[in-house]
Amino acid sequence: MIEFTSARERHLWIWTLVVVSAIYSTLGLARTLSAFLGESGLGEGLFIIACFLVLAAVVIQGLKLPPGVPEIGIYLGIVAAYLLIFVRMSIPTERSHLIEYGVVALFIYEALKERARQGRRVPFVAVLAVLATGLIGVIDECIQLLLPSRVFDYRDILFNGLAAVMAVITSASLGWVRRLNK
């Protein structure tokens, strides 16, 4: 049985499970949903809304205190980096990997940080969060091997890993700047 160190850690792992379940459960529907969103013209709008929701989650998670000038600079840099990557990614499904796996990585990273804060030994929290998220992405691609309408694509694994690295670096950078401002 899994022993959580706090209610917050338990909630973070539950949300991680919810997001991963949502990702895996839509594997068979992804192409149909993508085609529908593309034909209806809703795809780009929903993608932009999802990007802002992820950004809002990161900002809200980080706003325990009013941001100082360095934090605002970090926020603007993060927004610029994400926008540049989103603009360069021409295929909407590639963009969705950055959102989906960015959220997974944030939940895992925060859960591991909470576990460490509660006195448990968690070595290399950021690296462990990225590796765990990457493993979830590999499992995602392996499941697609079994689905007739999907294909295994190593590039998707790379996008999942990139999303994890970006999310964890974002969160760690904000935490670092906050600690410096205290």
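Residues numbered from 1 in each chain as written. Predicted model: local features only at pLDDT ≥ 70, side-chain atom pairs only at ≥ 80, totals over all residues. Heavy atoms only, no water.

With that settled, consider the nonpolar core. Counting 21 residues, the largest nonpolar core has Val-104, Ile-108, Leu-112, Ala-129, Ile-136 and Val-168 as its most contacted members. Sorting the residues of this core by element identifies helix 1 (7–25), helix 5 (92–117), helix 6 (125–145) and helix 7 (154–181) as the ones contributing at least two each. The contact partners of Val-168, leaving out residues within four places of it in the chain, are Ala-105, Tyr-109, Ala-126, Ala-129 and Val-130. (Core = buried A, V, L, I, M, F, W, Y, C linked by side-chain atoms within 4.5 Å. Buried < 20%, exposed > 50% of the residue type's maximum accessible area, 1.4 Å probe, protein only. Helix = DSSP H or I, 4+ residues; strand = E, 2+ residues; numbered from the N terminus. Contact = heavy atoms within 4.5 Å.)

Along an α-helix, a turn takes 3.6 residues, which lines up residues three or four apart on a common side. Relative to the 30 Å expected for 21 residues at 1.5 Å per residue, helix 6 spans 31 Å between its end C-alpha atoms, a close match to the ideal helical length. Those residues of helix 6 that sit buried are Val-125, Ala-129, Val-130, Thr-133, Gly-134, Ile-136, Gly-137, Asp-140, Glu-141 and Gln-144. (Expected span 1.5 Å × (residues − 1).)

For the rest of this paragraph, the subject is a nonpolar patch on the surface. A surface patch of nonpolar side chains, amounting to about 620 Å² of accessible area, comprises Leu-145, Leu-146, Phe-152, Tyr-154 and Leu-158. With respect to the helices, strands and loops of the structure, Phe-152 is situated in the loop between helix 6 and helix 7. (Patch = residues over 30% accessible without salt bridge, like charges linked within 9 Å, V, L, I, M, F, W, Y side chains within 5 Å. Areas by Shrake-Rupley, 256 points an atom, 1.4 Å probe, with all protein chains shown as cover. Salt bridge = Lys/Arg side-chain N within 4 Å of Asp/Glu carboxyl O.)

In this section: the pattern of salt bridges. Under the criterion given, the structure shown has seven salt bridges. For Arg-8, the salt bridge is made with Glu-110, and the minimal N-O distance between the two is 3.2 Å. Within this pair, whereas Arg-8 is found in helix 1, its partner Glu-110 is found in helix 5, the two being separated by 102 residues in sequence. The class of Arg-8 is partly exposed, set by a relative accessible area of 32%. A residue is classified by how much of its surface remains accessible, and Glu-110, at 5% relative accessible area, is buried.

Interpretation note: all reported values are geometric properties and have no functional meaning in isolation.
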